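Listed here are the chains, written in short residue letters.
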Amino acid sequence: MPRTSTIINNSHLVIDTAMAGPDTTTIVERKGLGHPDTLADHLAERLSRAYSHHTVSRFGAVLHHNFDKLALLGGASEVRYGAGRMTAPVRVLVNGRAAPMCGGEKIPVEEIVEAEVRAFFAERLPEVSEHLDIVFNITRNSSPGAVLTGNEVPDRTRWFSPRSVDDLRERRVRLSNDTSLGTGWAPENAFESFVRELVDHFSGGSEFTLAHAWCGSDVKLMGYWDGDQADVVLCVPQKSGRVASRAEYVRNTESVLAECHRLAGLRLPGAQARFRLNARDVPERDELYLTYTGSSIESGDEGVVGRGNRVNGLITPLRPMNLEGANGKNPVYHVGKLYNIAAQRLAERLHETTNGHAEVHLVSTTGQRLDQPWRILVRLSARDAELDKVQGLVAEALGEFPALTDELVSDGIVLS
């Protein structure tokens, strides 16, 4: 496998070409909008954006914060055919840090958070919105490195207590907050795209869910593909208030399976497709995926940031990936967010340019310039990739971090 090594923008860039493309065998998972882990991811990102919007509006800059350790602890519910109710609230553990003021002006952090949490659940799971216990674990503590040497106050102690935006070091130069890794690859194969579409079809606002109000959003899919045959295990909950009997529940599952086969015929023509739906159901004992809210968050399940879909919306253990939880991270200099988005975008551009498979790995060093990763590894299946073009695309991607931050703050990027 030919390898080229060079220095670009003070970063060590390695380009491998003629690498073997991904194997046909695919294992892929996706969690839908109502899955507790997806709820945690999306809520954390919403809090980051709301806080960023406020501080940009008031001070002209995103102040220091992170909500990427948020967790949801499931409540309790009572489910009957045709009815249901919450019997214990969902606990929202808002873990993280946020600057509570800038100069002499107070930032209403808890008020912003509570309003966003309640609005989020009102939109995503309205049955839960009045049954929330919000726990604030938000500090202003600085990271390690503030060594006291007399009467001087170390700059680091002002990261979450700035006298003005001039105390924000990133206003002068953006440095990586961590030693971490961003990973991206392209293109998806037909089965990976099908998995994304199928989960979104049942957990989002599709024609199917609009016509079938019993369909809940806590959808989860695990799929296996060998190039000719798709084997899928799928969970699709039903909402108890819309299901009058066991027989109706069973008829609804038949509707879901018929829709699965219809979409497979469209997206995977000629392939064999096998679907197992709600595999833990025991209908004769009324053990069913029947929920009051459409999500298992109502009955003891937990959700934690970083356990859900990766930045590209999929969980793909046979593809390159990392364990960073991007949602809720500061959009200015947190590499666990920015490098993953940048790597995915760069991989897609390289795929379009070379017409082959592309992988990108960006490795940061804490305290070093954000736009100068310690290591950049590009792996291409193309044998005749034009290295000047590849290097040009890499340089272009490294210059886009300020614009990437602006996109994140303005809701131009939706992490899935």
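What comes next is a walk through the structure.

The rules behind these values
Note that residues are indexed from 1 along each chain, following the sequence as it is written. Since the coordinates come from a predicted model, pLDDT governs what is reported: local features require at least 70, and pairs of side-chain atoms require 80 or more to be given and counted, while whole-chain, interface and lining totals use all residues. Values reported for side chains reflect all heavy atoms of the structure, with hydrogen atoms and water molecules removed beforehand. The way it works is that DSSP assigns letters per residue, a run of H or I at least four long becomes a helix, a run of E at least two long becomes a strand, and they are numbered from the N terminus. Expected helix span is given by 1.5 Å per residue-to-residue step, counting one fewer step than there are residues. Three exposure classes are used, based on accessible area relative to the maximum for each residue type with a 1.4 Å probe and protein chains only: buried under 20%, partly exposed in between, and exposed over 50%. A carboxyl oxygen of Asp or Glu within 4 Å of a side-chain nitrogen of Lys or Arg is what we treat as a salt bridge. An axis is simply a line fitted to the C-alpha atoms; with a helix, the fit covers only the stretch in contact. Between two such axes, the angle follows the N-to-C directions and lies from 0 to 180 degrees. Put simply, angles under 35 degrees are roughly parallel, angles over 145 are roughly antiparallel, angles from 65 to 115 are roughly perpendicular, and the rest are oblique. In a left-handed crossing the near helix is turned counterclockwise from the far helix by less than a right angle, and in a right-handed crossing that turn is clockwise. Contacts were defined at the residue level, with two residues in contact if any of their heavy atoms lie within 4.5 Å. Here the term charged refers only to Asp, Glu, Lys and Arg, the term nonpolar to Ala, Val, Leu, Ile, Met, Phe, Trp, Tyr, Cys and Pro, and the term polar to all other amino acids, Gly among them. Two aromatic rings from Phe, Tyr or Trp, using only the six-membered ring of Trp, form a pair when their centres are within 6.5 Å; if the ring planes differ by under 30 degrees the pair is stacked, by over 60 it is edge-to-face, and anything between is tilted. Charge-over-ring contacts are defined here by two conditions on Lys NZ or Arg CZ: a distance within 6 Å of the ring centre and an angle within 35 degrees of the ring normal.

### Focus: helix H1 (residues 36-59)
Alright, step 1. For H1, spanning 24 residues, the distance from its first C-alpha to its last is 34 Å, which sits close to the expected 34 Å at 1.5 Å a residue.
Alright, step 2. The buried fraction of H1 is high, at 18 of 24 residues.

### Points about unusual backbone geometry
Alright, step 1. Here the amide bond leading from alanine 186 into proline 187 is cis, since omega sits at 5 degrees, within 30 degrees of zero.
Alright, step 2. Mapped onto the elements, proline 187 comes out in the loop between strand E12 (181-186) and helix H3 (190-203).
Alright, step 3. Backbone geometry places asparagine 9, a non-glycine residue, at a positive phi of 55 degrees.
Alright, step 4. With respect to the element layout, asparagine 9 can be found in the loop between strand E1 (3-8) and strand E2 (11-16).
Alright, step 5. A positive phi angle, near 55 degrees, is found at aspartate 286, a position not held by glycine.
Alright, step 6. Looking at where aspartate 286 falls in the secondary structure, it is placed in the loop between strand E16 (272-277) and strand E17 (290-291).
Alright, step 7. Owing to a relative accessible area of 38%, aspartate 286 belongs among the partly exposed residues under this scheme.

### Here's the deal with the pattern of salt bridges
Alright, step 1. For the structure on display, the rule yields 34 salt bridges.
Alright, step 2. A salt bridge links lysine 220 to glutamate 29; its shortest N-O distance comes to 3.4 Å. Note that lysine 220 is positioned in strand E13 (residues 220-225) and glutamate 29 in strand E3 (residues 26-31), a separation of 191 residues in sequence.
Alright, step 3. Glutamate 78 is the partner of arginine 85 in a salt bridge, and the nearest nitrogen-oxygen pair spans 3.3 Å.
Alright, step 4. Arginine 85 sits in the partly exposed class, given a relative accessible area of 44%.
Alright, step 5. Given the relative accessible area of 29%, glutamate 78 is considered partly exposed.

### Some details on the packing of helix H6 (residues 335-354) against helix H7 (residues 387-398)
Helix-helix packing is described using two parameters, namely the angle between the two axes and the distance between the axes.
Alright, step 1. The interhelical angle for the contact between H6 and H7, taken along N-to-C directions, is 155 degrees, at an axis separation of 10 Å. The angle between H6 and H7 falls in the class roughly antiparallel. Where H6 crosses over H7, the two elements pack in a sense that is right-handed. In this structure, H6 contributes Leu346, Arg349, Leu350 and Thr353 to the contact, and H7 contributes Lys389, Val390, Leu393, Val394, Glu396 and Ala397.
Alright, step 2. In terms of residue class, the contact of H6 with H7 is made up of six nonpolar, one polar and three charged.

### Thoughts on the packing of aromatic side chains
Between two aromatic rings, the relevant description is the distance of the centres plus the angle of the planes.
Alright, step 1. Overall, the coordinates contain eight aromatic pairs when judged by the stated rule.
Alright, step 2. Look at tyrosine 51 and phenylalanine 67: their rings are 6.4 Å apart centre to centre, the planes differ by 75 degrees, and that puts the pair in the edge-to-face class. Here tyrosine 51, found in helix H1, pairs with phenylalanine 67, found in the loop between strand E4 (65-66) and strand E5 (71-73); they are 16 residues apart in sequence, far enough to count as distant.
Alright, step 3. Take phenylalanine 67: its relative accessible area is 0%, and that puts it in the buried class.
Alright, step 4. Centroid distance phenylalanine 120 to phenylalanine 121: 5.4 Å. Interplanar angle 90 degrees. Geometry classified as edge-to-face.
Alright, step 5. Overall, the relative accessible area of 3% leaves phenylalanine 120 in the buried class.
Alright, step 6. Take phenylalanine 121: its relative accessible area is 0%, and that puts it in the buried class.
Alright, step 7. Aromatic ring contacts, followed pair by pair, group Phe191, Phe194, Trp225 and Phe275 into a single cluster.
Alright, step 8. Sitting over the ring of tryptophan 185, arginine 319 keeps its end group 3.9 Å from the ring centre.

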